[in-house]
Amino acid sequence: MEYFELLEEFLIKLNELDSHETERMTDVLGGICRYLGISLFCMNVYDNAGAEKRGDGRSLKYYDSKAESEQVLAIREDLDVIGVYVCHIYCETGRTLDKKAQKRARYIALTVMSYVSRKLFKDKASRLTYMDADGYYNLPYYRKKLHDYADEGKLSGKVGAYINLKHFSVVNRKVGRDNGDMVMRNYIKCLADTCGEDGIVARFGRDRFFLLFDSEDLDAVLEVLSGKEVSCESFFEGKIFVSASAGIYVLPKKYTLNHSADVIDKLVMALNAARTTKRKDLVFYNENMEFVRERSSLLYQLFPSALANEEFCVYYQPKVDVNRGRLVGAEALCRWSREGEIISPEEFIPLLEQDTSICKLDFYMLDRVCRDMSLWMEQGIEPVRVSVNMSRKHVLDSAFLRGILDTVDAYEIPHELIEIEFTETTTDAEFKDLKRIVAELQREDICVAVDDFGMGYSSLTLIKDIPWNVIKVDKSFLPVDEEKDDTVRSVMFRYVVAMIRSMAVECIVEGVETKEQVEKLKANDCILAQGYFYDKPLMKNEFEKRLVKKVYN
Ligand code: C2E
Ligand code: CA
Ligand code: CA
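Residues numbered from 1 in each chain as written. Chains lettered and ligands numbered in written order. Predicted model: local features only at pLDDT ≥ 70, side-chain atom pairs only at ≥ 80, totals over all residues. Heavy atoms only, no water.

Asker: Help me understand helix H11 (residues 345-352), please; the structure alone is not making it clear to me.
Answerer: Think of an α-helix as turning once every 3.6 residues; residues three or four places apart then point the same way. Considered for burial, the residues of H11 that qualify are Pro 345, Phe 348, Pro 350, Leu 351 and Leu 352. Residues of H11 that are buried in the fold lie against helix H9 (260-276), helix H10 (288-308), strand S12 (312-321), strand S13 (326-338), strand S14 (341-343) and helix H12 (357-378). Measuring from the side-chain oxygen of the N-cap residue of H11 to the backbone nitrogen of Glu 346 gives 3.0 Å; that N-cap residue is Ser 344. (Buried < 20%, exposed > 50% of the residue type's maximum accessible area, 1.4 Å probe, protein only. Helix = DSSP H or I, 4+ residues; strand = E, 2+ residues; numbered from the N terminus. Contact = heavy atoms within 4.5 Å. Polar contact = N/O pair within 3.5 Å; in protein donor to acceptor, adjacent residues only side chain to side chain.)

Here it is in structure tokens:
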């Protein structure tokens, strides 16, 4: 065959080559190399100059049996984005390449280089399209795979999930950002393994991921989501516990995908439900959520006018000294009364926490509480300390303290009669600000309580580093009736109460519903309780009766 025929054959074969099929290079280059008298054609590809120095690259090679050879040509090409290419061409000992053959060999080398770099560039481009900077697949990839699977008829019956790693900023705070990344990688790898060969794991935002997997893997995936110990060498125990909240959607057996958003929307809805239901981390999508979503957006839109129309009112839930059977305080809880319906805070507070609307509501509540207290005092009723819930959204507001003092002082309420309840915070910045705010409030003699203690991940850090006046032990710690003394919950309850007492911090247990639970409190020297056993949150006039009487019997 003549040179140009061989060249044509070479170009055709080269075009058929997949980007990394280096072992087929011998075949591709064979004809043309033999014709030119080249016995060894060796090209090294490095991602960058650093990789070249380390010798960390891939090589493409053609060689024939006449291994004893001698170098004739070295060609080097630096392509900024794509990498460094170095090609060595050898020929048989005793043979030389004439000028014409050298020119042709150079042409072949450059063609291979440009071809391979084009392929690598395409790979890089697709990496950029479908992967994020940390090497996780991204949302466009998840969308593409949904469509690919739909086209291949593989989507029906699959399970989608949208997950949010829990307390990951706390993990980062504990082990540092780099180790945190490693913990996330290990956890996600474990999830990906559990999702099986066809499974998809794609990241959307820092600690959120979309999954897609076969329904037979559902149980195993749920187990990993509920929590898994992941190794983390730098952490003192070498292991760290990671769990996730998740919205899950089991696709119907006969499913037609019109748009990837059909699946993604449902997953987002289910995850939102999981995040706003305090005690449920894994939530399956159901059609009812569409109504919930509509109602949520309606309530959210109605909020500003409802606040202006004073549709929100304060309910007071008594706090009781269990030994003396006496009312000693109360918590102000918000209710939205709309067209005769009483809407629970569980329904609207999470909506208002999406932005800072909640702050407006909290200050409104504080204002109403102060107004009520000043009326009681005017009437000569001895007041009790009332706690007001403040969302952690306030923590980043520099005018927060001023706002509290302005309200409390406007009604001339003695500061010691006001208590502010905060729930745990999760980010470093918030934590620092929370610590500062607690100190500022205490300087003004306003009590500060940590709410729902024990629910969060950071509980111990939270009480170690911040000198709270009151710790409200979450009801999930409270043993139920007839629960044995050696269950994990009973033991933890005892230790938690003892720990708080030994720190000389006021301890109150929430959600006390039965006589037996009251006895448990007494047995553990915990004297303060709040819960249905004594009272549900009461309307103002009902609460006034308790306030006047003060005793429970
Ligand atoms: P929370 O601060 O933990 O309030 C205690 C919740 O537990 C109240 O629910 C109360 O009704 C309920 N509870 C009290 N005793 C018992 C009991 O014995 N058993 C059971 N199962 N539950 C009991 P509520 O009033 O529905 O409030 C829910 C949450 O909404 C509150 O939880 C609080 O996080 C939030 N919230 C309520 N009002 C406000 C407010 O004005 N501002 C802010 N930021 N959040 C509020
Ligand atoms: Ca509370
Ligand atoms: Ca609580």
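Asker: What's the story with the coordination of the calcium ion (ligand 2) in this structure? I'm lost.
Answerer: The textbook angles at a metal center are 109.5 degrees for a tetrahedron of four donors and 90 or 180 degrees for an octahedron of six. Around the calcium ion (ligand 2), the donor atoms from the protein are Glu 331 (OE), Asn 389 (OD1), Glu 421 (OE) and Asp 451 (OD), and they sit 2.1 to 2.3 Å away. Expressed as a motif, the donor residue spacing for the calcium ion (ligand 2) is E-x57-N-x31-E-x29-D. In this structure, the calcium ion (ligand 2) lies 3.9 Å away from the calcium ion (ligand 3), the two metals sharing Asp 451 as a donor. With Asn 389 in strand S15 (residues 385-389) and Glu 421 in strand S16 (residues 418-422), this residue pair connects regions lying 32 residues apart in the sequence. (Donors = N, O, S within 2.8 Å, 3.2 Å for Na, K, Ca; no water.)

Asker: Looking at this structure, I do not really get the nonpolar core. What am I missing?
Answerer: Side chains of nonpolar character tend, in soluble globular proteins, to be buried together. Membership of the largest hydrophobic core comes to 78 residues, with the highest contact counts inside it found for Phe 312, Leu 361, Phe 422, Leu 441 and Trp 468. The element that contributes the greatest number of residues to this core is H12, accounting for 10 residues. Those residues within four positions of Trp 468 in sequence are excluded, and the remaining contacts are Phe 422, Leu 434, Val 438, Gln 442, Val 448, Ala 449, Val 450, Leu 462, Ile 463 and Val 505. With 34 residues, the next largest nonpolar core counts Ile 38, Leu 73, Cys 91 and Ala 101 among its residues. (Core = buried A, V, L, I, M, F, W, Y, C linked by side-chain atoms within 4.5 Å.)

Asker: Can you walk me through the site of ligand 1 in this structure?
Answerer: Around ligand 1 sit 24 residues, and of these Gln 317, Arg 335, Asp 362, Glu 513 and Tyr 532 come closest. One of the side-chain N or O atoms of Glu 331 is found 3.1 Å from an oxygen atom in ligand 1. Cys 334 places a main-chain nitrogen or oxygen 3.1 Å from a nitrogen atom of ligand 1. Contact with the protein chains removes 88% of the 790 Å² of surface that ligand 1 exposes when unbound. Broken down by class, the residue content of the shell around ligand 1 amounts to 9 nonpolar, 5 polar and 10 charged. (Near = heavy atom within 4 Å. Areas by Shrake-Rupley, 256 points an atom, 1.4 Å probe, with all protein chains shown as cover. Nonpolar A, V, L, I, M, F, W, Y, C, P; charged D, E, K, R; others polar.)

Asker: Please explain the coordination of the calcium ion (ligand 3) as it appears in this structure.
Answerer: Around the calcium ion (ligand 3), the protein contributes the donor atoms Asp 451 (OD), Asp 452 (OD), Glu 510 (OE) and Glu 510 (OE), at 2.2 to 2.4 Å from the metal centre. Site description for the calcium ion (ligand 3): donor spacing in sequence, D-D-x57-E.

Asker: Any chance you could explain unusual backbone geometry here in plain terms?
Answerer: Backbone phi values are negative for most residues with the exception of glycine, while trans is the configuration of most peptide bonds. The backbone of Glu 339 shows a phi angle near 45 degrees, a positive value even though the residue is not glycine. Here Glu 339 shows up in the loop between S13 and S14. Despite not being glycine, Lys 550 has its phi angle at roughly 70 degrees, a positive value. Its location among the elements puts Lys 550 in the segment after helix H18 (540-549).

Asker: Would you explain the pattern of salt bridges in this entry?
Answerer: Where charged atoms from two side chains of opposite charge come close, those side chains can pair. Tallied over the full model, the rule gives 39 salt bridges. Of the charged contacts, one joins Asp 78 and Arg 76 as a salt bridge, the two residues approaching to 2.8 Å between their closest N and O atoms. Given a relative accessible area of 45%, Asp 78 falls into the partly exposed group. On the accessibility criterion, Arg 76 (42% relative accessible area) is partly exposed. Note that Glu 419 is salt-bridged to Arg 385, the shortest N-O span being 2.8 Å. Placement of the pair is Glu 419 in strand S16 and Arg 385 in strand S15, with a sequence separation of 34 residues. The pair Glu 419 / Arg 385 is uniform in exposure class, with both members buried. (Salt bridge = Lys/Arg side-chain N within 4 Å of Asp/Glu carboxyl O.)

Asker: Whenever I open this one, the sheet that holds strand S11 (residues 282-284) confuses me. Can you help?
Answerer: Adjacent strands of a sheet form backbone hydrogen bonds with each other and so pair up, either parallel or antiparallel. If you trace the 5 strands from one edge of the open sheet to the other, you get S6-S7-S5-S10-S11, paired in mixed fashion. What marks the edges here is a single partner per strand, and that holds for strand S6 (200-203) and S11. Each strand axis lies, on average, 15 degrees off the axis of its neighbour in the sheet, ignoring direction. Summarising the sheet, strand S10 (residues 244-250) and S11 pair through 3 bridges and their orientation is parallel. By the bridge assignment, Ala 246 is partnered in S11 with Leu 282. (Pairing = 2+ DSSP bridges. Axes fitted to C-alpha atoms, helices over the stretch in contact; angles between N-to-C directions.)

Asker: Looking at this structure, how should I read the packing of aromatic side chains?
Answerer: For any pair of aromatic rings, the description rests on two quantities: the centre-to-centre distance and the angle between the ring planes. Scanning all chains against the criterion turns up 20 aromatic pairs. Seen from their ring centres, Phe 204 and Phe 210 are 6.0 Å apart, and the 40 degrees between their planes marks the pair as tilted. Phe 210 gets classed as buried once you look at its relative accessible area, which sits at 1%. Ring centres of Phe 312 and Phe 348 lie 5.6 Å apart, and the angle between their planes is 65 degrees; on these two criteria the pair is classed as edge-to-face. Highlighted residues: Phe 312 in strand S12 and Phe 348 in helix H11, separated in sequence by 36 residues. Ring pairing ties together the aromatic residues Tyr 142, Tyr 162, Phe 204 and Phe 210, which thus form one cluster. Over the ring of Tyr 3 we find Arg 104, and its NZ or CZ is 3.7 Å from the ring centre. Positioned above the aromatic ring of Phe 4 is the side chain of Arg 104, whose terminal nitrogen or guanidinium carbon lies 5.9 Å from the ring centre. (Phe/Tyr/Trp six-rings, centres within 6.5 Å; stacked < 30°, edge-to-face > 60°. Lys NZ or Arg CZ within 6 Å of the ring centre and 35° of its normal.)

Asker: What's the story with the pairing of strand S5 (residues 159-165) in this structure? I'm lost.
Answerer: Sheet faces and side chains relate simply in a regular strand, where the side chains alternate between the two faces. Counting buried positions over the 7 residues of S5 gives 7, a clear majority of the element. Taking every second residue as pointing to the same face, both faces of S5 are buried, with Val 159, Ala 161, Ile 163 and Leu 165 on one and Gly 160, Tyr 162 and Asn 164 on the other. Here 7 bridges tie S5 to S10, and the two strands are oriented antiparallel to one another. Opposite Ala 161, over in S10, you have Ile 248 as the bridge partner.

Asker: I would appreciate a short explanation of the packing of H11 against H12 in the present structure.
Answerer: When two helices pack together, you describe them by how their axes are tilted relative to each other and by the distance separating the axes. Where H11 meets H12, the closest approach of the two axes is 7 Å, and the angle between their N-to-C directions is 125 degrees. In terms of orientation, H11 lies oblique with respect to H12. Contacts from Phe 348, Ile 349 and Leu 352 in H11 reach Ser 357, Ile 358 and Leu 361 in H12. Along the lines of polarity and charge, the residues of the contact of H11 with H12 split into 5 nonpolar, 1 polar and no charged. (Parallel < 35°, antiparallel > 145°, perpendicular 65-115°, else oblique.)

Asker: So what exactly am I meant to see when it comes to helix H16 (residues 488-502) here?
Answerer: With 15 residues, H16 ought to run about 21 Å at 1.5 Å a step, and its terminal C-alpha atoms sit 21 Å apart, in line with that. Looking only at H16, the buried set comprises Ser 490, Phe 493, Val 496, Val 497 and Ile 500. Buried residues of H16 fall within an arc of 135 degrees about the axis and therefore sit on the same side. What points out from H16, more than 90 degrees from its buried face, is the exposed set Val 488, Tyr 495 and Ser 502. Among the structural elements, strand S17 (447-453), strand S18 (470-473), strand S19 (506-510) and helix H17 (515-523) are those in contact with the buried residues of H16. Following H16 by one or two positions, Ala 504 adopts a phi angle in the positive range, close to 60 degrees. (Expected span 1.5 Å × (residues − 1). Arc of directions from axis to C-beta.)

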